Amino acid sequence: MPGFELFGNAERKEVNDVLDSGVLMRYGFDGMRNGHWKAKELETELQATLKAQHVQLVSSGTAAVSVALAAAGVGAGDEVIMPSFTFVASFEAIMMMGAIPVLVDIDDTLALDPKAVKNAITPRTKAIMVVQMCGSMGDMAALQAISDEHDLILIEDACQAIGATYKGQALGTIGHLGCFSFDFVKTVTSGEGGAVVTNNKAFYVNADQYSDHGHDHVGNDRGAETHPFLGYNFRISELHAAVGLAQVRRLPEFLNIQKQNYTVLRKALSEIPEVTFRTVPEGGEESYAFLNFFLPDLETSRRASATLKAAGVDGCFHYYDNSWHYVRKWEHLKNLNTLYPISQEVKEGLASLQTKTFKQSDHYIGRNISCLIKLSWSSQDLEVRAKNMVAAIRASV
Ligand SMILES: *Cc1c(COP(=O)(O)O)cnc(C)c1O
């Protein structure tokens, strides 16, 4: 997945443009900047790549999720349905807005189970946040139907899935708002950075203004701008945007390599009868950033994970025992360990997490192994890796 593996002259040239002009800020300083508007250019590039009407760059993927929620008016006391398997940023952002994360099961897509979403809807539900984990996606047709039927905002966290599509549409452009991350380990990296994507003009204007202190961005005089509402600083810098610009232009190249490498490993693993693969919804095409497969039970997966490590096969994750991505080990959330007081509503909303079980999620995450697909492997690396993976898994089943 990581674009950082293929850093080169293109990235260097874009950064040097910014350093030569000396304008590290994405807004204003028109006279000094020598025509360089890297953030604006990256937004235009992403609009074309994703076929999205509006793109607002921000400082991280976590910022993107926060800004998307704010842009859609999600706030105090609102419930946001999110998956048990994601990255901690999902509930961090929801709680930042004073809203209540409502965690529900995933299915064999490794994303939100539409049935679980339906069961979790209450009069306070405001949004559904689908997280397109490990380069693939949830059942978007079913999730869209639920969002339409109940008049809920559908937010897509596509931070791990740039380049994946559903029925020909880029992930991140299917819900009302989509979020991307360009942190150091993502497919496209700018060091730190993110983007909010939407086809809704009002949400875009909200995202644009909210992510820069509520400045209205009207006219060329920054000092004369007014503030329609309170905002915050989630801006990206020109330096980061410059790196992202060079990287996004290389996305087709990255996706091509990912798909080739994924295909070789998948073919090798397909020969093991105990291995099954994650479900990709009909009409979906993965970004091939990860290869996800299931083994028959939890103990086999634990054993295989250890055997893979011992055999020197790096980048394979058994998320069941991991504290970043799966609800089982989110003790800080379950115990409400916040630095500052939180509202009674959020406390009550999260109280059930102490005892709630996620049997269906355990069933899938317990048996899942997720292997990062790298861009820098030579064909010989790939051959050795395939052989070692097959041997490690055969020895574990
Ligand atoms: C990486 C990631 C984020 C957060 O992005 P940052 O840029 O690291 O803040 C959010 N959601 C998912 C699914 C991610 O993988």
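Quantities reported herein were computed from a predicted structural model and do not represent experimental measurements. (Residues numbered from 1 in each chain as written. Predicted model: local features only at pLDDT ≥ 70, side-chain atom pairs only at ≥ 80, totals over all residues. Heavy atoms only, no water.)

Caption draft 1: Representation of the environment of Gly194 within the structure. You can see Gly194 is positioned in strand β9 (residues 194-198). Gly194 gets classed as buried once you look at its relative accessible area, which sits at 0%. Along the backbone, Gly194 and Ala351 are 157 residues apart, and their C-alpha atoms lie at a distance of 31 Å. What Gly194 contacts, discounting residues up to four positions off in sequence, is Gln56, Leu57, Val58, Ser59, Ser60, Gly61, Phe180, Ser181 and Phe182. (Helix = DSSP H or I, 4+ residues; strand = E, 2+ residues; numbered from the N terminus. Buried < 20%, exposed > 50% of the residue type's maximum accessible area, 1.4 Å probe, protein only. Contact = heavy atoms within 4.5 Å.)

Caption draft 2: Region of interest: unusual backbone geometry. The phi dihedral of His213 falls on the positive side, at around 60°, and the residue is not glycine. Position of His213 among the secondary structure elements: in the loop between α7 (201-210) and α8 (238-249). One non-glycine residue, Leu336, lies in positive phi territory at about 55°. Its location among the elements puts Leu336 in the loop between α11 (331-334) and α12 (344-351). On the basis of relative accessibility, which here comes to 23%, the residue Leu336 falls in the partly exposed class.

Caption draft 3: Here's a closer look at the packing of aromatic side chains. A full pass over the atoms with the stated rule returns 10 aromatic pairs. Plain terms: the ring middles of Phe85 and Tyr319 are 5.0 Å apart, the flat faces sit at 55° to each other, and that makes the pair tilted. Pair noted here: Phe85 is in the loop between β2 (79-83) and α4 (89-96) and Tyr319 is in the loop between β13 (316-317) and α11, with a separation of 234 residues, a long-range link. For the pair formed by Phe85 and Tyr319, the shared burial category is buried. Relative to Tyr364, the ring of Phe294 lies with its centre 5.8 Å away and its plane at 55°, an arrangement referred to as tilted. Taken together, the residues Phe294 in strand β12 (residues 290-294) and Tyr364 in helix α13 (residues 359-365) connect sequence positions 70 residues apart. (Phe/Tyr/Trp six-rings, centres within 6.5 Å; stacked < 30°, edge-to-face > 60°.)

Caption draft 4: Main features of the domain arrangement of the protein chain. Taken as a whole, the protein chain is organised into domain 1 (3-250) and domain 2 (252-394). Taking only C-alpha atoms, the centre of domain 1 and the centre of domain 2 are 23 Å apart. Across the boundary between the two partners, domain 1 contributes 49 residues, which contact 50 residues of domain 2. One can count 2 salt bridges joining domain 1 with domain 2. One salt bridge connects Glu253 with Arg250, and the closest N-O pair in it is separated by 3.4 Å. Counting across the interface, domain 1 meets domain 2 through 21 residue pairs in polar contact (both at pLDDT 80 or more). Of all the secondary structure elements, the ones that give two or more residues to the side of domain 1 that touches domain 2 are β2, α4, β3 (100-104), β6 (165-166) and α8. Here the side of domain 1 that touches domain 2 gets 4 residues from one element, more than from any other, and that element is β3. Here the side of domain 1 that touches domain 2 is built from residues that sort into 24 nonpolar, 15 polar and 10 charged. (Domains from an automatic or database assignment. Salt bridge = Lys/Arg side-chain N within 4 Å of Asp/Glu carboxyl O. Polar contact = N/O pair within 3.5 Å; in protein donor to acceptor, adjacent residues only side chain to side chain. Nonpolar A, V, L, I, M, F, W, Y, C, P; charged D, E, K, R; others polar.)

Caption draft 5: Inspection of the state of the cysteines at higher detail. Under the definition given, this model contains 1 disulfide. The disulfide partner of Cys316 is Cys371, and the gap between their sulfur atoms is 2.2 Å. Here the disulfide of Cys316 and Cys371 is right-handed, its torsion about the S-S bond being about 110°. Pair noted here: Cys316 is in strand β13 and Cys371 is in strand β14 (residues 368-372), with a separation of 55 residues, a long-range link. The two residues Cys316 and Cys371 agree in class, both being buried. Cys159 takes part in no disulfide bond, and the closest cysteine sulfur to it belongs to Cys179, at a distance of 6.2 Å. (Disulfide = S-S within 2.5 Å.)

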